[in-house]
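Architecture at a glance
These are the residues of each chain, in order.
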Amino acid sequence: MAQIPLFPLGNALFPAGVLHLRIFEVRYLDMIKRCLADGTQFGVVILRQGSEVRLPDAVEELAMIGTMARIEDWRAPMPALLELVCRGTTKFSLFHVELGKYGLWTGEAQMLPDDPGVAIPDTLQVSADTLGKLIAGLQRDPARAAKLPLAPPYRLDECGWVADRWAELLPLPPHEKETLLGMADPVARLARIQAFLTDHGVLS
């Protein structure tokens, strides 16, 4: 078990995903400065209820599964503002969360095993091919690509990596992203994603 600081978001971070953050709230500025000083990570969790920016009398409810985030780059364009580029590392389950007096959530977390490197079955190959085409298109538009949760190495031959990138990119409701985070079987996770892509006409 580990006690970790938590950063609740409307979207989900998956392992190997890229997360761009603008930090301006005092509770998170202090947290990030500690992470930078100590070389530590923080946990990203989905907000089931509430706002990313703390509001008076608002109720925040956090998902009990998330992904650790490692800060890979940062800049301070002005006082009290940090811009971060983070990378998802390890998934975790939360057993207890606590809201501190300054509004920072912390949690007691158990780290979860990494996905096995499972090859993509023929029935799900179209999802990987379509993501590959999207990445190829983005490589011709570096400014747009720099803002998306995609970065090399592009493991388009692994079920877990392809499923996780789609899960970050697609406008899925928070409860669906939480479900996907909790699925330990990468083949089943990609199959669930492919069903969504098919239903919404994304796959050609």
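Overview of the structure. Bear in mind that the values here come from a model prediction, so they are computed numbers and not experimental data.

Across its full length, the protein holds 6 helices and 6 strands. When the helices and strands of the protein are listed from N to C terminus, the series reads β-β-α-β-β-β-β-α-α-α-α-α. A compact globule built from 204 residues would reach a C-alpha radius of gyration of about 17 Å, and the protein, at 17 Å, matches this within 12%. Principal axes of the C-alpha set define a box for the protein whose edges measure 50 × 35 × 30 Å. Taken over 204 residues, the protein has a buried fraction of 45%. In the protein, once contacts between residues fewer than 6 apart in sequence are set aside, the share between residues at least 24 apart is 67%. For the protein, the exposed surface amounts to about 10,400 Å²; the carbon and sulfur share of it is 56%. Within the protein, one finds 20 positive and 25 negative side-chain charges whose respective centroids are separated by 5 Å.

Two elements in contact, helix α2 (residues 125-138) and helix α4 (residues 159-169), have axes separated by 10 Å at closest approach and are oriented at 60°. The pairing of α2 with α4 is recorded here as oblique in orientation. Here the hand of the crossing between α2 and α4 comes out left-handed. Mapping the contact onto sequence places S127, A128, T130, L131, L134 and I135 in α2 and W161, V162, R165, W166 and L169 in α4.

A few words on the nonpolar core. Grouped together as the largest cluster of nonpolar side chains are 28 residues, with contacts concentrated most on I120, W161, V162, W166, L180, L190 and I193. For this core, the elements supplying multiple residues, two or more each, are β4 (61-78), α2, α4, α5 (174-181) and α6 (186-199). A total of 6 residues in this core trace back to one element, the largest contributor, which is α4. For L180, the contacting residues outside a window of four places in its chain are F14, A167, L172, R189, R192 and I193. Membership of the second largest hydrophobic core comes to 19 residues, among which are Y28, I71, L82 and L84.

That bond from P152 to P153 is cis: its omega, 0°, falls within 30 degrees of zero. Position of P153 relative to the elements: it lies in the loop between α3 (142-145) and α4. The phi angle at A16 is positive, at roughly 75°, despite the residue not being glycine. Counting through the fold element by element, A16 comes out in the loop between β1 (2-9) and β2 (18-23). We classify A16 as buried; its relative accessible area is 14%.

A few words now on the environment of L99. Looking at the secondary structure, you find L99 in strand β5 (residues 81-99). Expressed as a C-alpha distance, the spacing of L99 and E60, which sit 39 residues apart in the sequence, is 9.7 Å.

Further remarks concern the packing of aromatic side chains. Enumeration according to the criterion identifies 3 aromatic pairs in this entry. Ring centres of F7 and Y28 lie 4.2 Å apart, and the angle between their planes is 35°; on these two criteria the pair is classed as tilted. Of the two residues, F7 is situated in strand β1 and Y28 in helix α1 (residues 26-38); the sequence distance between them amounts to 21 residues. Three or more aromatic residues joined by ring pairs form one cluster here, namely F7, Y28 and F42. Across the ring face of W161, the terminal group of R165 is positioned such that the distance to the ring centre comes to 5.3 Å.

Procedures and definitions
- Residues numbered from 1 in each chain as written.
- Predicted model: local features only at pLDDT ≥ 70, side-chain atom pairs only at ≥ 80, totals over all residues.
- Heavy atoms only, no water.
- Helix = DSSP H or I, 4+ residues; strand = E, 2+ residues; numbered from the N terminus.
- Rg over C-alpha atoms; globule rule 2.2 N^0.38 Å.
- Buried < 20%, exposed > 50% of the residue type's maximum accessible area, 1.4 Å probe, protein only.
- Contact = heavy atoms within 4.5 Å.
- Areas by Shrake-Rupley, 256 points an atom, 1.4 Å probe, with all protein chains shown as cover.
- Lys, Arg positive; Asp, Glu negative; His and termini not counted.
- Charge placed at Lys NZ, Arg CZ, Asp CG, Glu CD.
- Axes fitted to C-alpha atoms, helices over the stretch in contact; angles between N-to-C directions.
- Parallel < 35°, antiparallel > 145°, perpendicular 65-115°, else oblique.
- Left-handed = near helix turned anticlockwise from the far one by under 90°.
- Core = buried A, V, L, I, M, F, W, Y, C linked by side-chain atoms within 4.5 Å.
- Phe/Tyr/Trp six-rings, centres within 6.5 Å; stacked < 30°, edge-to-face > 60°.
- Lys NZ or Arg CZ within 6 Å of the ring centre and 35° of its normal.

From the geometry alone we can't say anything about function, so treat these as descriptive.
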